[in-house]
Structures are given as C-alpha cells and as structure tokens.
Amino acid sequence: MKVTKTVEETRAIVKAWKKEGLTIGLVPTMGYLHEGHASLIRKCREQNDKVVVSVFVNPTQFGPNEDLASYPRDFDRDSALCQTLGADLIFHPEPEDMYTDACAYVNIDTLSQNLCGRTRPTHFKGVCTVVCKLFHIISPDRAYFGQKDAQQLAIIRKMVQDLNFDIAIIGCPIVREADGLAKSSRNTYLTAQERQAALCLSRAIRKGQEIIKKGISAKTVLQEMRDIIEAEPLAKIDYVCMTDALTMQDVEQADRDVLVAVAVFIGKTRLIDNFSYEVSL
C-alpha cells in the first residue's frame, strides 16, 4: 500500500493504473476510521481492481465555531486499518495541498438548504468542492459513501448527474454499534453518560420505522420521534424531518420515497441518524 501527499504523485499513480486498464474505486473520508468506513472499503475492494482511500479533514466544510481543530485524527491507526482491508493507496494531503489561494468552489441549490443545511449553510459547499477535487485528481470509476450522511449522498449523486461526471456513486448501509448507535468518528467525544443518552437517536429511528408503515401523517411520525428524544435530558434537537428522498424538501405524507432524518446535540456533540422509506415496499 502506498501513501501519497501531493496531487501530482497521486495522479501519476492513477494514470499508470488506467494505462493497465484497471478499475479504480474511491472511498473519501476525513479519517479516524471506524467500522462504517471499513464497510465502504470492503465494498470498494469487492468491486474494483484498485482501492484509493482519501484521508483529509476538509476545512471548507466546517463553519465558524465548529470542531475543525478538535476533530479526531489518528493517521497511523487509519493507515493500519486500510492496509488490513487491502487498500492500494491512501491520499493524505495537507490543506495547503488542496487549497492554494482558492477562488473557485462548487455549490448546489435546493438540496443543500434543508436538514443540515439549515444550521450549517456553508457545509455542503465545502463537501461538494472537496469531492469534486478528489474526483478530478483520482478519476475513479466508482465512489463509496455511507447512507448515514444521507443528505450528503443525495447531494453528491445530484452533483455527479448535473456536472456529467462518469462515476458511479455507491451508497452503503449505516453501520451501528451493538446497542443501535450509528457509528461516527464524533462518538469519541461522548462521555460515558452522554454515550448512553445518545441511544435516544436510534430509539427514535426504530419508532419511526415502526409507525411510518401505518400510513399516518409526517407530523404524527415526527412528533412520536421527537417525544422519545425530548425525554432524554442531555439531548437537544437540531431537527427531526421527513423529506422527499430526491429533493430533500419536507413532505406531509410518506406517499413517495422519503428520508426521515434527525440531528441531535448530546451535550456539545452533534449526531445524525436516519432511515429511508420506499413506498414500493
């Protein structure tokens, strides 16, 4: 397994692979890898000749007073995991390698204005920009993203469609702890008491999955989920929403494919979770 720091070295390796006719998969990450990331790398390994994992804490997707400086980092651990999982290359640039007097950014309308975009208005501009850059640098045949970040996944799919990238976007299922908590790098911020309190998210998700099949209104589904979260003293709701799965706009009824998503502060840590409901099911 190779580790590269620069765009030039990374491109040279990828070009050599492409000359050999090899397929390339990309798993973009911000590092501090967990089993959720591992599931993406495994899927990528199954479907491609070469596996590239990017490990880059992207500064442009953090807003003022967010956790850029304290975001967990452990590259040695990440590298060892990638080696074990059979990755061929880790692209691990510094911010100055990715952004040098940058003036050009990529933004997306509509899909970025709801859910996480309400309280993090510049977040998806940073996400789209860095993912675009990674796509141009690595030119993968397929790229892998977790469904825990469902709005991000929908936005990237739309960006790829609108900007005519010849890349297949593969969404992979949420990976959970044994007690139901969705795997997240930010779980490491939680104290023992907060870790227990955080289970209100997965309890609310399970409740929503149970009752949405009854054909009741979005208002009723979301209120029952809110009641579970609000019963936890350490929890503060950012949002509990039901949206159209494609447009990310709020809906009043699950009469189409929908995303039901929550964002909750447990103490100072913001956690997200979701489930999808397809009317065809």
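This text goes with the structure placed above it.
Summarised in this report is the structure supplied together with it. This structure is a prediction, so every number in the text was calculated from the model and none was measured. Sequence positions are assigned chain by chain, starting from 1 and proceeding in written order. Residue-level local features of this predicted model are given only where pLDDT is at least 70; pairs of side-chain atoms are given and counted only at 80 or more, and the full residue set underlies all totals for whole chains, interfaces and linings. In computing side-chain properties, one takes all heavy atoms of the structure into account and sets aside hydrogens as well as water.

### So, unusual backbone geometry
Phi at Tyr-32 is positive, roughly 50°, even though this residue is not glycine. Each helix is a run of H or I in the DSSP string that is no shorter than four residues. Each strand is a run of E no shorter than two, and both are numbered from the N terminus. Looking at the element boundaries, Tyr-32 is found in the loop between strand 2 (24-29) and helix 2 (35-47). Overall, the relative accessible area of 22% leaves Tyr-32 in the partly exposed class. Of note in this structure, Thr-110 is not a glycine but carries a positive phi near 65°. Looking at where Thr-110 falls in the secondary structure, it is placed in the loop between helix 4 (95-98) and helix 5 (116-119). When its relative accessible area of 37% is taken as the criterion, Thr-110 is described as partly exposed. For every residue, the accessible area (1.4 Å probe, protein chains only) is compared with the maximum for its type, and the residue is labelled buried under 20%, exposed over 50%, or partly exposed between those bounds.

### Let's talk about the packing of helix 9 (residues 199-212) against helix 10 (residues 218-230)
Axes here mean lines fitted to C-alpha atoms, for a helix over just the part in contact, with angles spanning 0 to 180 degrees between N-to-C directions. Direction vectors running N to C along helix 9 and helix 10 enclose 155°, while the axes themselves pass 9 Å from each other. When the axes of helix 9 and helix 10 are compared, the pair comes out roughly antiparallel. As for how helix 9 packs across helix 10, the hand of that crossing is right-handed. Of helix 10, the residues touching helix 9 (which contributes Cys-200, Arg-203, Ala-204, Ile-205, Lys-207, Gly-208, Ile-211 and Ile-212) are Thr-220, Val-221, Glu-224, Met-225, Ile-228 and Ile-229. Throughout, the term roughly parallel applies to angles under 35 degrees, roughly antiparallel to angles over 145, roughly perpendicular to angles from 65 to 115, and oblique to all others. Each crossing gets its handedness from the near helix: less than a right angle anticlockwise from the far helix is left-handed, clockwise is right-handed. Working rule for contacts: check all heavy atoms of both residues, and any pair within 4.5 Å makes them a contact.

### So, the pairing of strand 9 (residues 269-277)
Consecutive side chains along a regular strand alternate between the two faces of the sheet. Of all nine residues making up strand 9, eight are buried, and the element is well covered by its neighbours. Between the end of strand 8 (residues 258-266) and the start of strand 9, which pair antiparallel, lie two residues, with Gly-267 showing a positive phi angle near 65°. Each pair of strands is called paired provided DSSP finds at least two bridges between the two strands.

### Focus on the nonpolar core
For soluble globular proteins, the rule of thumb is that nonpolar side chains tend to be buried together. For our purposes a nonpolar core is just a set of buried Ala, Val, Leu, Ile, Met, Phe, Trp, Tyr and Cys residues, chained together by side-chain atoms within 4.5 Å. Among the nonpolar cores identified, the biggest contains 45 residues, and Phe-135, Ile-138 and Ile-169 are the most heavily contacted of them. Elements with a contribution of two residues or more to this core: helix 1 (7-19), strand 2, strand 4 (89-91), helix 6 (123-138), strand 5 (142-146), helix 7 (150-162), strand 7 (235-244) and strand 8. For this core, the element with the highest residue contribution is helix 6, accounting for 10 residues. Every residue in contact with Phe-135, bar those within four places of it in the chain, is listed here: Leu-26, Pro-140, Ala-143, Phe-145, Ile-156, Met-159, Val-160, Phe-165, Ile-167 and Ile-169. If you look at the next biggest cluster of nonpolar residues, it comprises 30 residues, including Ala-204, Ala-254, Val-258 and Tyr-277.

Coordinates in, geometry out; function isn't part of it.
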